[in-house]
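Working through the structure, step by step
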Amino acid sequence: MDRKEFLKQLLCGVGLTGAGLLHGGCGKASVNVSSHVPEKESLDEDSRPLDWRVALGETGLTVPILAMGTGTIGWNGASNQTRLGMERFVAIAHRAYERGVRFYDMAEAYGSQPFVAEAIKGFPRENLTLLTKMASTDSLSESETRRKVDAFCQEVGTDYFDILLMHCMTSGDWPNTNKGAMAGLARAKEEGRVKAVGISCHSLDAIRVAAESPWVDVILARLNPFETRMDGTTEAVNEALGVARRNGKGVMGMKIFGEGSRVKDEERERSLRYALTESNLHCMTIGFETVAQLDDAVDRIIRIQSE
């Protein structure tokens, strides 16, 4: 089977959900992908790569503007991306690499680390940005955290992570309830197993505290222009992220399409334009379940960038 035929089957094959940009579980897509993403674009082997890289605050990291997310409707060891199965996941991850999206966003809670490990086999490590997230960190000691970092490295097949976050901080008290994990991640950073540490935020208070925390290098927060599945108004969240950015933090956005509830053509356009031109984000992560969805986002970003 040649590559084009394989991609056609990948886009149209039975069992695909439609998109990580769409809302719903596996096999329950609310929109037919081909109705809003032209197949021709996704099969164009001459598509331009996304060469837009940014300095991630004062972390010392330079990263692609877009990361491939792996956690749409993700928790308890699975996500829409992992439910695609290894073959389809790897095909999308390889297309991401071809299009310049060499930034892979994983999490323990998604069960996506083994999937990324398979996808990046043979890729030069220096070409990749790898991010993962550690779950249930409020119960971890320093030594347990360091052992987890080592286990994650082994599972993914890497000597280090570029970014490792404590996952899903839901209150402003997170520095007091995660002291062991914070100490363990700080030590892993000193040892070179992690280059930057931080949190993924699920409350406005968590963002505001992280923006001022000297421990935090990177913040991952929910942001879109529709205030969909966010932790406050767009204005309030973006303002808090502006404080973080001025304090040298790397600022990443998630839920750019409202976890798949804002996927009409004009909504995708408005969301990406907001993230790229109006927000305080350095970069963003988006989950994809088809090559077509990946290509659509990359093509839009390239066009917006060139305007």
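Overview of the structure. (Residues numbered from 1 in each chain as written. Predicted model: local features only at pLDDT ≥ 70, side-chain atom pairs only at ≥ 80, totals over all residues. Heavy atoms only, no water.)

**Describing the overall build of the chain**
Filter applied, for reference: Helical segments are the DSSP runs of H or I of at least four residues, strand segments are the runs of E of at least two, and each set is numbered from the N terminus. Three exposure classes are used, based on accessible area relative to the maximum for each residue type with a 1.4 Å probe and protein chains only: buried under 20%, partly exposed in between, and exposed over 50%. Residue contacts follow a heavy-atom distance rule, with two residues in contact if any of their heavy atoms lie within 4.5 Å. Each accessible area is a Shrake-Rupley result for a 1.4 Å probe, and residues are judged covered by the shown protein chains and nothing else.
Each helix and strand counted, the chain has 11 helices and 10 strands in total. Within the span of the chain, comprising 307 residues, buried residues form 58% of the whole. Counting contacts in the chain only where the partners sit at least 6 residues apart, residues at least 24 apart contribute 76% of the total. Accessible surface computed for the chain: about 12400 Å², of which carbon and sulfur atoms make up 46%.

**Comments concerning the nonpolar core**
We count it as follows: Side-chain atoms within 4.5 Å are what join buried Ala, Val, Leu, Ile, Met, Phe, Trp, Tyr and Cys residues into a set we call a nonpolar core.
If you look at the biggest cluster of nonpolar residues, it comprises 88 residues, and the most contacted ones within it are Leu 66, Tyr 104, Ile 163 and Trp 174. Considering each element in turn, this core owes the most residues, seven residues, to helix 11 (residues 291-306). The contact partners of Trp 174, leaving out residues within four places of it in the chain, are Met 166, Met 169, Met 182, Ile 199, Ala 206, Val 209, Ala 210, Ser 213, Trp 215 and Val 216.

**A word on the environment of Asp 217**
Here is the rule: Within 3.5 Å is the distance limit for a polar contact, defined as a pair of N or O atoms, with the added protein rule that one can donate a hydrogen and the other accept it, and that residues adjacent in sequence qualify only through two side-chain atoms.
Within the fold, Asp 217 resides in the loop between helix 8 (204-212) and strand 8 (218-222). Through-space distance from the C-alpha of Asp 217 to that of Gly 198 is 5.4 Å; in sequence the pair is 19 residues apart. Every residue in contact with Asp 217, bar those within four places of it in the chain, is listed here: Thr 59, Lys 189, Lys 195, Ala 196, Val 197, Gly 198, Lys 249 and Gly 250. Within polar-contact distance, the side chain of Asp 217 engages the side chain of Lys 189 at 2.7 Å.

**Brief notes about the packing of helix 3 (residues 86-98) against helix 11**
Note the following rule: Axis definition: a line fitted to C-alpha atoms, limited for helices to the stretch in contact. Angles are taken between N-to-C directions and run from 0 to 180 degrees. For this classification, under 35 degrees means roughly parallel, over 145 means roughly antiparallel, 65 to 115 means roughly perpendicular, and everything else is oblique. Here a crossing is called left-handed whenever its near helix is offset anticlockwise from the far helix by less than a right angle, and right-handed whenever the offset is clockwise. Ten residues, namely Ala, Val, Leu, Ile, Met, Phe, Trp, Tyr, Cys and Pro, are considered nonpolar, four, namely Asp, Glu, Lys and Arg, are considered charged, and the remaining ones, Gly among them, are considered polar.
One can describe the packing of helix 3 onto helix 11 by two numbers: an axis separation of 9 Å at closest approach and a directional angle of 20°. In terms of orientation, helix 3 and helix 11 fall into the roughly parallel class. As helix 3 runs across helix 11, the sense of the crossing is right-handed. Seen from helix 3, the contacting residues are Ala 91, Ile 92, Arg 95 and Ala 96; seen from helix 11, they are Val 291, Leu 294 and Asp 295. Class assignment for the residues of the contact of helix 3 with helix 11 results in five nonpolar, no polar and two charged.

**Concerning the packing of helix 8 against helix 9 (residues 234-246)**
For any two helices packed against each other, the geometry comes down to the angle between their axes and how far apart the axes lie. Two elements in contact, helix 8 and helix 9, have axes whose closest approach is 8 Å; the angle formed by their N-to-C orientations is 15°. Here helix 8 is positioned roughly parallel relative to helix 9, judged by the angle of their axes. Remark: the crossing between helix 8 and helix 9 carries left-handed chirality. Here Leu 204, Ile 207, Arg 208, Ala 211 and Glu 212 of helix 8 lie close against helix 9, whose contacting residues are Ala 236, Val 237, Ala 240, Leu 241, Val 243 and Ala 244. Residue composition of the contact of helix 8 with helix 9, by class: nine nonpolar, no polar and two charged.

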